[in-house]
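Below, each chain spelled out in residue letters.
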Amino acid sequence: MHTLTTCLCFKDQAEEAVQFYASVFTELKITGLTRCGANEFGGPAGSVRTVSFELFGQTWLAVNGGPHFAFNDGVSLIVNCDTQDEIDRLWAALVADGGAPVQCGWLKDKFGLPWQIVPRILGYMMNDPDADRTNRAMQALLPMTKLDIAALKQAYWHA
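Just so it is clear, the model here is predicted, and its values are computed rather than measured. (Residues numbered from 1 in each chain as written. Predicted model: local features only at pLDDT ≥ 70, side-chain atom pairs only at ≥ 80, totals over all residues. Heavy atoms only, no water.)

Visitor: Outline the packing of aromatic side chains, listing residues and values.
Guide: Under the definition given, this model contains 11 aromatic pairs. With a centroid separation of 5.8 Å and an interplanar angle of 85°, the aromatic rings of Phe10 and Phe111 are classed as edge-to-face. Placement of the pair is Phe10 in strand E1 (residues 5-10) and Phe111 in the loop between strand E7 (106-108) and strand E8 (114-119), with a sequence separation of 101 residues. Consider the rings of Tyr21 and Trp115, whose centres lie 5.6 Å apart with planes at 65°: the pair is edge-to-face. Placement of Tyr21 in helix H1 (residues 14-24) and of Trp115 in strand E8 is noted, with a sequence separation of 94 residues between them. Note on accessibility: Tyr21 and Trp115 belong to one class, buried. Feature note: the residues Phe10, Phe20, Tyr21, Phe25, Phe56, Phe71, Phe111 and Trp115 constitute an aromatic cluster, connected by ring pairs. Sitting above the plane of the Phe20 ring, Lys110 keeps its charged end 4.5 Å from the centroid. (Phe/Tyr/Trp six-rings, centres within 6.5 Å; stacked < 30°, edge-to-face > 60°. Helix = DSSP H or I, 4+ residues; strand = E, 2+ residues; numbered from the N terminus. Buried < 20%, exposed > 50% of the residue type's maximum accessible area, 1.4 Å probe, protein only. Lys NZ or Arg CZ within 6 Å of the ring centre and 35° of its normal.)

Visitor: I'd like a description of the state of the cysteines, backed by residues and values.
Guide: Following the criterion strictly, the structure yields 0 disulfides and no others. Distance from the sulfur of Cys7, which forms no disulfide, to the nearest cysteine sulfur (Cys9) is 3.9 Å. On the basis of relative accessibility, which here comes to 42%, the residue Cys7 falls in the partly exposed class. Free cysteine Cys104: the closest other cysteine sulfur is in Cys81, separated by 16 Å. (Disulfide = S-S within 2.5 Å.)

Purely geometric stuff here, so don't read any function into it on its own.
This is the structure:
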């Protein structure tokens, strides 16, 4: 059976990033760590090369890849939340210490990794066959930075 692992390449912050994500997501479990040998790609001897971890049932690998690696908006990590408190907590944690809000539930953390922090109910709203309700929800969402479940529900249910 095949498996899929997401690899996140950092300049030299893999361990710091995984420790940060572990502080944000209590579900994160570090499963392995490798260190560089002498004259080895990834950094000086003894420095962290990779950190393996599990988050939300998925396998991840954080790698110190060097200065030519940078994240961009072509890929983002989506976290579906059930409550506004959950959205607020994750949003605040991920934009702290140098992260930045973007728009429509998107943000970049202090490592430049793009995230989307969205209410789970948004998927239901966007897949509704009633185009008017879907459009109202989308029009409410577009000017938002951090998503507001109550405002999305208000727009969705009320013409």
